[in-house]
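What the coordinates show
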Amino acid sequence: MSRDYILHRVRTSLGRSPSQPVPDPPPARIRIPEVSLDARVASLLAQVEALAGTALETSDPRSYIASAIVGKTVIASNSPYLAACGISSLPGVESGITDREQLRDACATADIGITSADYALADTGTLVMFSSPAEARMVSLLPPEHIAVVPRDRILTGLDELFSILPDPAAQSSSMVLITGPSRTADIEQILVRGVHGPGRITVIVAA
Amino acid sequence: MSSEFHQKAHETLANANLQLAIFTATGRLKDKRVEAVGPDQLPDYQELRTQANAVKQHAIDNLDHYLELFERNVAARGGRVVYCKDGTEVSDFILALAHERGAHLVVKSKSMTTEEVDLNERLEHHGLESVETDLGEYILQLAHQRPYHIVAPALHMTRYDVAEVFTRRLHVPNETVIEKQTALARSILREKFLAADIGISGANFLVADSGAVVIVENEGNARLTTSAPRVHIAVAGIEKVIPRAQDLATFLKLLARSATGQLLSVYTSFLSGPRRPGEIDGPDEFYVLLLDNGRTRLLPDKNKRQSLFCIRCGACLNTCPVYRRIGGHTFPWVYSGPIGAILTPQFMGVQQEPDLPFASSLCGACGEVCPVKIDIPKILLELRSDVKKAETRDKQNRLEKLSFRAFAWLMTHPRLYEMAGKLLRSVGVPSIQAGPLRAWTSQRDLPPLPDRSFREMWRRR
Amino acid sequence: MGQRVSLFVTCIVDQLFPKVGLAMADVLERLGFEIDFPESQTCCGQPAFNTGYRAEARTVARHFLDTFESSPFVVIPSGSCTAMIAHHFADLFHKEPETLARVHSLEKRVFEFSTFLTQVAGVEDVGARFDDIVTFHDGCHALRELGVKDAPRRLLARVRGLELRELSPAEECCGFGGTFAVKFSELSGAMVRTKVEAILRTGARTVVSLDSSCLMQIQGALSRAGSNVRTIHLAEVLASR
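Since the model is a prediction, treat every value here as computed from it, not as a measurement.

Points about the overall build of chain B
When you go through chain B residue by residue, the secondary structure sums to 21 helices and 10 strands. Structurally, chain B occupies a C-alpha span of about 90 × 55 × 50 Å along its principal axes. Counting over 461 residues, chain B shows a buried share of 63%. When contacts within chain B are restricted to residue pairs at least 6 apart in sequence, long-range pairs at least 24 apart make up 75% of them. Carbon together with sulfur atoms contributes 53% to the accessible area of chain B, which is approximately 16900 Å² in total. Within chain B, one finds 59 positive and 54 negative side-chain charges whose respective centroids are separated by 8 Å.

With respect to the interface of chain B and chain A
At the interface, 100 residues of chain B touch 79 residues of chain A. With both sides pooled, the region where chain B packs onto chain A buries about 7500 Å², and carbon together with sulfur makes up 56% of that total. Here chain B and chain A share 11 salt bridges between them. The interface formed by chain B and chain A contains 47 residue pairs in polar contact (both at pLDDT 80 or more). Tallying contributions element by element places helix α10 (residues 178-195) of chain B first for the side of chain B that touches chain A, with 9 residues. Class assignment for the residues of the side of chain B that touches chain A results in 44 nonpolar, 26 polar and 30 charged.

Structural notes on empty space enclosed by the protein
Residue and element names in this part refer to chain B. Evaluated as defined, the whole model comprises 6 cavities of 30 Å³ or more. By volume, the largest cavity amounts to about 170 Å³. If you trace the largest cavity, you find 20 residues lining it, with Cys320, Val322, Pro338, Ala359 and Ser360 closest to the centre. Among the secondary structure elements, those contributing two or more residues to the lining of the largest cavity are α14 (323-326), α15 (337-348) and α16 (365-369).

As for the pairing of strand β8 (residues 230-233) of chain C
Residues and elements named next belong to chain C. The pairing of strand β7 (residues 206-209) with β8 spans 4 bridges and is classified as parallel. Bridging from a neighbouring strand, Val208 pairs with Ile232 of β8. With helix α12 (residues 212-224) bridging β7 and the parallel β8, this β-α-β connection has right-handed handedness.

So, the domain arrangement of chain B
Taken domain by domain, chain B holds domain 1 (37-293), domain 2 (297-390) and domain 3 (402-460). For domain 2 of chain B versus domain 3 of chain B, the separation of C-alpha centres amounts to 32 Å.

Some words on the sheet that holds strand β5 (residues 205-207) of chain B
Across the sheet, which stays open at both edges, the 8 strands sit in the order β8(A)-β5(A)-β6(A)-β9(A)-β9(B)-β6(B)-β5(B)-β8(B) with mixed pairing between neighbours. The open sheet is flanked by β8 (155-156) of chain A together with β8 (241-242) of chain B, the only strands paired with a single partner. Strands in contact with helix α12 (residues 248-259) of chain B are β9 (175-179) of chain A together with β5, β6 (212-217), β8 and β9 (267-271) of chain B; relative to β5 of chain B, the strand with the most contacts, it is inclined by about 170°.

Parameters and conventions
- Residues numbered from 1 in each chain as written.
- Chains lettered and ligands numbered in written order.
- Predicted model: local features only at pLDDT ≥ 70, side-chain atom pairs only at ≥ 80, totals over all residues.
- Heavy atoms only, no water.
- Helix = DSSP H or I, 4+ residues; strand = E, 2+ residues; numbered from the N terminus.
- Buried < 20%, exposed > 50% of the residue type's maximum accessible area, 1.4 Å probe, protein only.
- Contact = heavy atoms within 4.5 Å.
- Areas by Shrake-Rupley, 256 points an atom, 1.4 Å probe, with all protein chains shown as cover.
- Lys, Arg positive; Asp, Glu negative; His and termini not counted.
- Charge placed at Lys NZ, Arg CZ, Asp CG, Glu CD.
- Buried area = accessible area lost by both parts, 1.4 Å probe.
- Salt bridge = Lys/Arg side-chain N within 4 Å of Asp/Glu carboxyl O.
- Polar contact = N/O pair within 3.5 Å; in protein donor to acceptor, adjacent residues only side chain to side chain.
- Nonpolar A, V, L, I, M, F, W, Y, C, P; charged D, E, K, R; others polar.
- 1 Å grid on protein atoms, 1.4 Å probe; cavity = no way out; pocket = protein on both sides within 12 Å on 5 of 7 lines; lining within 4 Å.
- Points joined across faces, edges and corners; volume = space filled by probe spheres on them.
- Pairing = 2+ DSSP bridges.
- Right-handed = clockwise from strand over helix to strand, strands pointing away.
- Domains from an automatic or database assignment.
- Axes fitted to C-alpha atoms, helices over the stretch in contact; angles between N-to-C directions.

Shown next, in the form of structure tokens:
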């Protein structure tokens, strides 16, 4: 069997025997800087804008979104947070879909996908999203525009803090995605084009 | 073999447009990297490199342990690991699975490992439609060409080349506006994503303690490839294993900055197993194919083993004065640039490509920019020694061997060395050096010979 | 000071650029060092090592070890030769513990010239005068293997009448690379022509460097391009009055 063959070759090459104990790995390098929440919010907004995204902080995400979606087809995830904000129930917003095919069709035809986010990373302008019954993968992926609403207190300093509070992301979900700006490519003549496969426009709303 | 390398290098050097394209594109990436890892942007850059190197060293030194740990954790999350000796086993598995599932259409995200084993050709040969979805790779697939660069596969093509390929292969009117070309590819590929039965991806990292596959990209095609179809197959070299999810805090900080100067790539996916109960979308089946294909050949030598640390950022290509002039297609295999120069002879055998380790001025820029601190120049030097040992064994290149024996002898007999120098200066350059001399003067003038050597002048001082 | 230092001039300086060795000796003597030139010296073995002939390189390296066994300091007008001795001799003899011990002792005693001046002699002003606009080429071995970047610049900053203009792009290989220059001559030529373009852009009239091999490559290309820009070793600049 190839498994045994390959593992045997690996062991022989390394001079290791089966089940030989392994020395401790070098400790993982986790350095979490001290950054105030206000500074984190400011950094997140600035980073998202630097990536040609739109970013804002508001105590009323519902109103902002209401005007942003006028005349558009919108799909929202099943996030209880979005529901609590009154966003999923906005006129023109489709939400509450649990069937895979139905959701896919809705996302494929929608102009805008609205999601919450589990965390955001301040230093890179990143959204952290876990797949769950409340948040399907396609909502932030298929529509050409993505709007994410993040509670203020979910903004972390960066990757180190993320992996410090979540050393085992696999325990949570089959999929954790870090989203940093709109989809892009420079494959042709190194010229930047946004919105290749994923959304070309992204808005991050920090809910105060 | 070797002369093919010289011939291709010559053609690329003689092509002014191509020279400009490669030099400018790599120059841009090089400059962006320098800025992104500068002391004001990433003050702990050197520490991160040291950490990344140490973690990779540990993982590779204990590779069997981490492969088994990874395998157990993939299974614990409902996925399955399949070990594959070579490309045949990879395609055999995929074809068998496709047959069982009645699958016809495969979408693929960018994976150098699958290029290594010509996966698309194998699948297509057996009647599967396998579509590359990364824009650059899609264009290359249509054009029947190999990638030019690890990160920017279509570096060598202009928008006019792309227009020509699209018109010829997709039967669309000629379109040279890049945004429109991209939009066209997007709409065609979207249909493929949504209709595909199987999605095949690579993996930047295999996380042992999580049983997870990490995929880094900018377009979103990998997310679609791994989320839309019912089956996800990740194909990855065995060397991609890292011990812990927490190690990503180190590697992710280095990868995008080293590759393109971005802080992070647009999408980083951390995928463990098929979708969980309650998750609305995601694959129903999750496989990770662990490929050897010769990697185990690089393990025995402790020095050369570090060649397997590579995280495929492309920084060495962008900084190499040789790659920046001869480009990716001059290299005989899918991996080009400095990393290609050390991997290819180790996978293929040094006698297959004896020129490759010598196609370098040993400037050391590659080792300086490698985020995982592979000492590429050191390995190049060892490979050179391996080439010469093999040639000596096979009685090839005997004149060169003889010249260097003469060199060593001369350099250990100072008075004879001095006499030889005097001869050189009085007689002019001996004709046995005609070859190297002609090569020198083809590009630059010779230095004038001094009347006396240093030691002669020293004695008169 | 009266401290004894031995010159290892390198085979290329000995045979092709003797004035570099003389200049280095002048500078060191003026600083009060007592110079000797062990006559049995020849080469560091780098040509053989870089071409993959390690046994032959070992032969030459052993001769080097013998020649400089009793030298408290060995000063070398070359980054690449210094790197060969200080970094690669150990690679050559990793299977010979006794020789390796001698190598490790030697490693502590060999210095590239500008490093010796700034770090061992502790000087930056050697009393030189050189009225010219110059640019400095960082040879790859000195730069990346030995970490030499500041030392030559600090020395040049104290040379009276000298204006230094930096190359852009900086830290690019000149394309010599030993046998690379002839085995891959077209590529080597392309690399040095880029270097020449950068040099001409500075408006400098002289190119200074630490390695005669780089200077030979660059000078050859400058002449071929019909340029009057000349090349000179740092030692010769520092010896100028």
